[in-house]
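# Results of the structural survey
Listed below, chain by chain, are the residues.
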Amino acid sequence: MDTAALEELRALRARAYGPHADIAHDPAAVRRLRDLEAQSSGSTTRSRAAAATDVTTTLPPGPEPDSAQRSEFVSASAPPPAPAPAPTAAGEETPARGPAGVERPHGEAPKHDPIRSGATADRTERRSHRLGLIWALSVVASAALAAGITYAATSMAPVQTSSGAPQIATLEPSPLLEIPAGWFGAGSSSRVFEFYGLTLFETPNGFGYTSPGTDCFMAIPTEQLPAEDADPNSWSISGNVYSGCRIGDFPATTAIPVDSGMPEELRDRFPPGSALQFVLDGDRMGVFLDSP
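### Structural notes on the nonpolar core
Of all hydrophobic cores here, the largest spans 21 residues; its most connected members are Leu 171, Phe 195, Leu 200, Leu 276, Phe 278 and Met 285. Sorting the residues of this core by element identifies β1 (167–171), β2 (192–195), β3 (198–203), β4 (216–221), β7 (275–281) and β8 (284–290) as the ones contributing at least two each. Look past the residues within four positions of Phe 195 in its chain and what remains in contact with it is Ile 168, Ala 169, Leu 171, Leu 200, Leu 266, Phe 270, Leu 276, Phe 278 and Val 287. Core analysis: the second largest hydrophobic core is formed by nine residues, Ala 5, Leu 9, Ala 29 and Leu 33 among them.

See the structure below:
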């Protein structure tokens, strides 16, 4: 190898085996280090062979040694066997051995292998990539689950709480109308309203309701009211009876269709197929119309 190649080899070995080794992240430098080390190994082998040839050729000729002399020569030229490691006491650490049986001082780290380090870095990178992917999938799954729960909680179909029918009148209590005390639970203080042949009056209970004190009212054709002097035992009614009661914050409300069972005065005022809604609000009565 020439001087430039040797200098390059020293620099690459410093990057591979030095205290600040970084060659594992440079695949091209790793390949170049292998090539130069192979060239260096081949050059050393050739140099040793040439040196052995030179020594052999310069030896002076002499008599052929006998068998005993050859044995002594082989024994003298052979390297002595390496001594067996001495037994260590319990708990004592055996010194680590490096290449060719050379002991490394305690605490000295083994030389850095760039090829093995590169493979380890690749495995670590793949493992990190898999963990990152798993984490990302878990985040997506959690987000999807949260979105599903939120959608289930907020996707309730809205229901219109009001028909949007226009209000056509506000009724005030009529002082001219009286309901016989006790008729459908009406009393002397029950407020009475009138609207095109209908009489609406307050009762403690609605028709078919059993909970008293709910601000109820009833709506019947005025012609169905009993006479003032009628015997309470003879009270009766024919036809439909409508009623409504307040429940919680929902006001007392009832809806009446404009059909043949309604008073003629009401049918003359509103076309067939219409509907009227009555809403009791304190001492007033609101009237809403739904026209066909």
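### Describing the sheet that holds β3
As a general point, the strands of a sheet are linked pairwise by backbone hydrogen bonds and lie either parallel or antiparallel. The strand order across the open sheet built from four strands is β2-β3-β4-β5, with neighbouring strands paired in antiparallel fashion. A single partner strand is all that each edge strand has here, and the edge strands are β2 and β5 (242–244). Strand-to-strand twist of the sheet, defined as the mean angle between neighbouring strand axes without regard to direction, takes the value 20°. When β3 meets β4, the two strands line up antiparallel, connected through six bridges. Across the sheet, residue Thr 203 finds its bridge partner in β4, namely Cys 216.

### A few points about the pairing of β8
Sheet topology note: the β1/β8 ladder contains four bridges and is antiparallel. Along β8, the bridge assignment pairs Gln 167 with Phe 288. The sheet contact formed by β7 and β8 spans seven bridges and is antiparallel. Considered in β8, the bridge of Val 279 is made with Gly 286. Between β7 and β8, which pair antiparallel one after the other, the connecting turn spans two residues, and Gly 282 there sits at a positive phi close to 70°.

Criteria and thresholds
Note that residues are indexed from 1 along each chain, following the sequence as it is written. Two thresholds apply to this predicted model, a pLDDT of at least 70 for residue-level local features and 80 or more for giving and counting side-chain atom pairs, whereas whole-chain, interface and lining totals are computed over all residues. Hydrogens and water molecules were not included; the side-chain quantities draw on all heavy atoms of the structure. Only buried Ala, Val, Leu, Ile, Met, Phe, Trp, Tyr and Cys residues count toward a nonpolar core, and they belong to the same one when joined by side-chain atoms within 4.5 Å. Each residue is placed in one exposure class: buried if its accessible area under a 1.4 Å probe, protein chains only, is under 20% of its type's maximum, exposed if it is over 50%, and partly exposed if it falls in between. Segments assigned H or I by DSSP are reported as helices when at least four residues long, segments assigned E as strands when at least two residues long, and all are numbered from the N terminus. Note on definitions: a residue-residue contact is assigned when non-hydrogen atoms from the two residues lie within 4.5 Å. When DSSP finds two or more bridges between two strands, those strands count as paired. Here an angle of 0 to 180 degrees is reported between the N-to-C directions of two axes, which are lines fitted to C-alpha atoms, with helices fitted over the stretch in contact.

None of the figures reported here should be taken as evidence of function without further support.
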